[in-house]
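Architecture at a glance
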Amino acid sequence: MARIGKAFFDRDVDIVARELIGTIFVVDGVGGVIVETESYDPGDPASHSFGMRRADWTASMFGPPGHVHIYKVYGLHWCLNFVCRVASAVLIRAIEPKCGIERMIERRGTNKLELLCSGPGRLCEALAITKTLDGASLMRGPFSLSGGPSKRPNIVRGTRIGISKGREAERRFGLKDSIFLSKKFPGGAKVWAGDADE
């Protein structure tokens, strides 16, 4: 399975967020299939880069495409983002566990597969992702990101979770009917498949 290169991220963040669904993401041998993402850019009031304002803790979001931006939410949980062009990034919300499941179970303290990586904080705990990896390149270890199935999976789209600004924007993407999502999409959510958008 071919590794995904830097050019993949040097594009519109919504396209990247959508096309990450179904890809394989592994950190030091632990990971699985990305099944849920959210997109953010400088024009988005919910984004850390809104208005292109910078801070020490957001510096990695202004780096080159193909790097990671890691931050802590509510002072408790780490969140993983893939940086795209012009200070935009994709939040990785959920993964279907495939590799290193025993290590995930030990780190998370649960053997329920659907709870190992269903949410940004759970995902980072299962994959042992912390601030020490902030700004690291996705093009080299401990990360590995490779293409998913040859046929594009059915993807649902809806509003994002846990934000107070920009709540109406439909910038959350997920693998249709996956049991590993952080939260189900509402009935009637838009479905994207193949090359036909919405």
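Above this text sits the structure in question.
Everything numeric in this text was worked out from a predicted model, so none of it was measured. Sequence order sets the numbering: in each chain, residues are counted from 1 along the sequence as written. Only residues with pLDDT of 70 or above have their local features reported here, since the model is predicted, and side-chain atom pairs are shown and tallied only from 80 upward, although totals for entire chains, interfaces and linings are computed over all residues. As a rule here, side-chain values come from all non-hydrogen atoms in the structure, and water together with hydrogens is ignored.

This brings us to the environment of Pro65. Numbering goes from the N terminus for both helices and strands, where a helix is a DSSP run of H or I of at least four residues and a strand is a run of E of at least two. For Pro65, the position within the fold is in the loop between β2 (30–40) and β3 (68–73). We classify Pro65 as buried; its relative accessible area is 13%. Each C-alpha atom, one on Pro65 and one on Phe9, is 5.4 Å from the other, the two residues being 56 residues apart in sequence. Aside from chain neighbours lying at most four places away, what touches Pro65 is Lys6, Phe9, Asp10, Val83, Cys84 and Arg85. Summary of the burial criterion: residues with accessible area below 20% of their type's maximum are buried, those above 50% are exposed, and those between are partly exposed, where the area comes from a 1.4 Å probe applied to protein chains only. Here a residue-residue contact requires only that any non-hydrogen atoms of the pair lie within 4.5 Å.

One finds Phe9, Leu20, Phe25, Leu80, Phe82, Leu127 and Ile129 to be the most contacted residues of the largest nonpolar core, which totals 42 residues. Apart from the residues lying within four places of it in its own chain, the contact partners of Leu80 are Phe25, Val68, His69, Ile70, Val90, Leu91, Ile92, Leu123, Cys124 and Ile129. Throughout this description, the term nonpolar core refers to a set of buried Ala, Val, Leu, Ile, Met, Phe, Trp, Tyr and Cys residues connected via side-chain atoms within 4.5 Å.

Positionally, Ala89 belongs in strand β5 (residues 89–99). Using a relative accessible area of 1% as the deciding quantity, one classes Ala89 as buried. Sequence spacing of Ala89 and Gly66 is 23 residues, and the spatial spacing of their C-alpha atoms is 9.6 Å. Not counting chain neighbours up to four residues away, the residues in contact with Ala89 comprise Val13, Glu38, Ser39, Tyr40, Met61, Asn81, Phe82, Val83 and Cys84.

So, on to the packing of aromatic side chains. Between the rings of Phe, Tyr and Trp (Trp by its six-membered ring), a pair exists once the centres lie within 6.5 Å; its type follows the angle of the planes, with under 30 degrees stacked, over 60 edge-to-face, and the other angles tilted. According to the stated counting rule, one finds 5 aromatic pairs in the structure shown. Considering the side-chain rings of Phe8 and Phe9, the 5.1 Å spacing of their centres and the 80° angle between planes classify their relative orientation as edge-to-face. The buried category is assigned to Phe9, whose relative accessible area is 0%. Among the aromatic side chains, those forming a connected cluster through ring pairs are Phe8, Phe9, Phe25, Phe82 and Phe143. Consider the ring centre and the ring normal. A charge sits over the ring if Lys NZ or Arg CZ is within 6 Å of that centre and within 35 degrees of that normal. The ring of Phe185 has Arg172 lying over it, and the distance from NZ or CZ to the ring centre is 3.8 Å.

By convention in these notes, a salt bridge is any Lys or Arg side-chain nitrogen within 4 Å of a carboxyl oxygen on Asp or Glu. Scanning the entire structure with this criterion turns up 13 salt bridges. Here Glu36 ties to Arg93 by a salt bridge, and the two come within 3.0 Å at their closest N and O atoms. Of the two residues, Glu36 is situated in strand β2 and Arg93 in strand β5; the sequence distance between them amounts to 57 residues. Residue Glu36 is classed as buried on the basis of its relative accessible area of 0%. Residue Arg93 is classed as buried on the basis of its relative accessible area, which comes to 9%. Residue Arg93 pairs with Glu38 through a salt bridge whose shortest N-O separation is 3.7 Å. Placement of Arg93 in strand β5 and of Glu38 in strand β2 is noted, with a sequence separation of 55 residues between them. When salt bridges with common partners are traced through the structure, they connect Asp14, Asp41, Asp44, Arg160 and Arg171 into a single cluster.

The calculated volume of the largest pocket comes to roughly 770 Å³. Taken together, 35 residues line the largest pocket, and the ones lying closest to its centre are Tyr71, Val73, Tyr74, Cys79 and Gly162. For the lining of the largest pocket, the elements supplying multiple residues, two or more each, are β2, β3, β4 (77–83), β5 and α4 (120–126). The element best represented in the lining of the largest pocket is α4, accounting for 5 residues. In terms of residue class, the lining of the largest pocket is made up of 19 nonpolar, 9 polar and 7 charged. Size it by volume and the second largest pocket reaches roughly 220 Å³. A cavity here means a set of 1 Å grid points, computed over protein atoms only, where a 1.4 Å probe fits but cannot escape. A pocket is an open set with protein on both sides within 12 Å along at least 5 of 7 lines, and lining residues have an atom within 4 Å of a point. Lining the second largest pocket are 15 residues, with Lys176, Asp177, Leu181, Lys184 and Phe185 positioned closest to its centre. Grid points are joined across faces, edges and corners, and a volume is the space filled by probe spheres set on the points. Residue polarity follows a fixed list, in which Ala, Val, Leu, Ile, Met, Phe, Trp, Tyr, Cys and Pro are nonpolar, Asp, Glu, Lys and Arg are charged, and the others, Gly among them, are polar.

In this section: unusual backbone geometry. Residues other than glycine predominantly adopt negative phi, and peptide bonds predominantly adopt the trans conformation. Going from Gly141 to Pro142, the amide bond is cis rather than trans, its omega being 10°. Inspection of the secondary structure assignment puts Pro142 in the loop between α4 and β6 (143–146). Positioned with a positive phi, Ala128 is a non-glycine residue whose angle comes to about 55°. Locating Ala128 in the fold gives a position in the loop between α4 and β6.

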